[in-house]
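Spelled out, the chains give:
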Amino acid sequence: MSLLNTSQIMEIIPHRQPFLLLDTIEELEPGRRARARKCVTYNEPFFAGHFPNEPVMPGVLIVEAMAQAGAVAMLSQPEMKGKTAYFAGIQSAKFKKKVVPGDVLELEVEIVKVKGPIGIGKGTASVDGKTAAAAEIMFAIGSEAD
């Protein structure tokens, strides 16, 4: 059974359909790590153009899904309620396997450094235990008014 469902995720991060790229949170250590799941279906809006005859989830959206999992890890802390985690950088992104309709994308992010409002997470995305992508993501915590 999942720890958080989609509605509960939306209470933590501001993303909404069609840009919410997480279905569930399976494990969570607030401020430290999160493991999330995205069930990739043929109905995803990006498949209409990427690519019509061979649907492949764009790598940048896989990294965005990792970032959203990291945002849940950071923003699930009580003192972060109502804040937003903004993308500040991507390092060492590697794409190793296509993600296609029917895949269940497992996203794991560990927060490895936080200094003030800036942090770094290391993320991996896998399908059936095989790494599809990995990246180091940098974020900045702020409010929507910032």
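Further up the page is the structure itself.
One structure accompanies this document, and this report is about it.

About the thresholds
Residues numbered from 1 in each chain as written. Predicted model: local features only at pLDDT ≥ 70, side-chain atom pairs only at ≥ 80, totals over all residues. Heavy atoms only, no water. Salt bridge = Lys/Arg side-chain N within 4 Å of Asp/Glu carboxyl O. Helix = DSSP H or I, 4+ residues; strand = E, 2+ residues; numbered from the N terminus. Buried < 20%, exposed > 50% of the residue type's maximum accessible area, 1.4 Å probe, protein only. Pairing = 2+ DSSP bridges. Axes fitted to C-alpha atoms, helices over the stretch in contact; angles between N-to-C directions. Contact = heavy atoms within 4.5 Å. Core = buried A, V, L, I, M, F, W, Y, C linked by side-chain atoms within 4.5 Å. 1 Å grid on protein atoms, 1.4 Å probe; cavity = no way out; pocket = protein on both sides within 12 Å on 5 of 7 lines; lining within 4 Å. Points joined across faces, edges and corners; volume = space filled by probe spheres on them. Nonpolar A, V, L, I, M, F, W, Y, C, P; charged D, E, K, R; others polar.

### Considerations on the pattern of salt bridges
And step 1. Counted under the stated rule, the structure contains eight salt bridges.
And step 2. Salt-bridge contacts for Glu26 lead to Arg37; the nearest nitrogen and oxygen are separated by 3.8 Å. In this pair, Glu26 is assigned in strand E1 (residues 24-29) and Arg37 in strand E2 (residues 33-39), connecting sequence segments 11 residues apart.
And step 3. Look at Glu26 and you get buried, because its relative accessible area is 15%.
And step 4. Assessed through its relative accessible area of 25%, Arg37 is described here as partly exposed.
And step 5. We note a salt bridge from Glu106 to Arg37, for which the minimum N-O separation is 2.7 Å. Linking Glu106 in strand E4 (residues 104-115) with Arg37 in strand E2, this pair joins segments that are 69 residues apart in sequence.

### Considerations on the sheet that holds E2
And step 1. Strand order in the open sheet formed by six strands is E1-E2-E4-E5-E6-E3, and the pairing between neighbours is antiparallel. In this open sheet, the two strands that pair with only one neighbour each are E1 and strand E3 (84-95). If you compare each strand with its neighbour and ignore which way they point, the axes differ by 20° on average.
And step 2. Sheet topology note: the E4/strand E5 (residues 118-127) ladder contains 10 bridges and is antiparallel. The residue bridging Glu110 from the neighbouring strand is Lys122, located in E5.
And step 3. Contacts from helix H2 (residues 59-75) reach E1, E2, E3, E4, E5 and strand E6 (130-142), with the element oriented near 55° to E4.

### A closer look at the pairing of E1
And step 1. For E1 and E2, the ladder comprises five bridges, and the chain directions are antiparallel. Bridged to Glu27 within E2 is Arg35.
And step 2. Between the end of E1 and the start of E2, which pair antiparallel, lie three residues, with Gly31 showing a positive phi angle near 80°.

### Some thoughts on the pairing of E2
And step 1. Pairing between E2 and E4: seven bridges, direction antiparallel. Bridge pairing in E4 places Cys39 opposite Val104.

### Some remarks on the nonpolar core
And step 1. With 41 residues, the main nonpolar core has Ile13, Leu22, Met57, Met66, Leu105 and Leu107 as its most contacted residues.
And step 2. Here the element with the most residues in this core is H2; it accounts for 12 residues.
And step 3. Residue contacts for Leu22: discarding those within four places in its chain leaves Thr6, Ile9, Ile13, Ala36, Arg37, Lys38, Ala65, Gln68, Ala69, Val72 and Leu107.

### Regarding empty space enclosed by the protein
And step 1. Using the criterion set out here, one finds one cavity of 30 Å³ or more in the structure.
And step 2. Residue lining of the largest cavity: Gly89, Ile90, Gln91, Ile120, Glu136, Ile137 and Met138, and that is the complete set.
And step 3. Put simply, the parts of the chain that give the lining of the largest cavity at least two residues each are E3 and E6.
And step 4. For the lining of the largest cavity, a count of residues per class yields four nonpolar, two polar and one charged.

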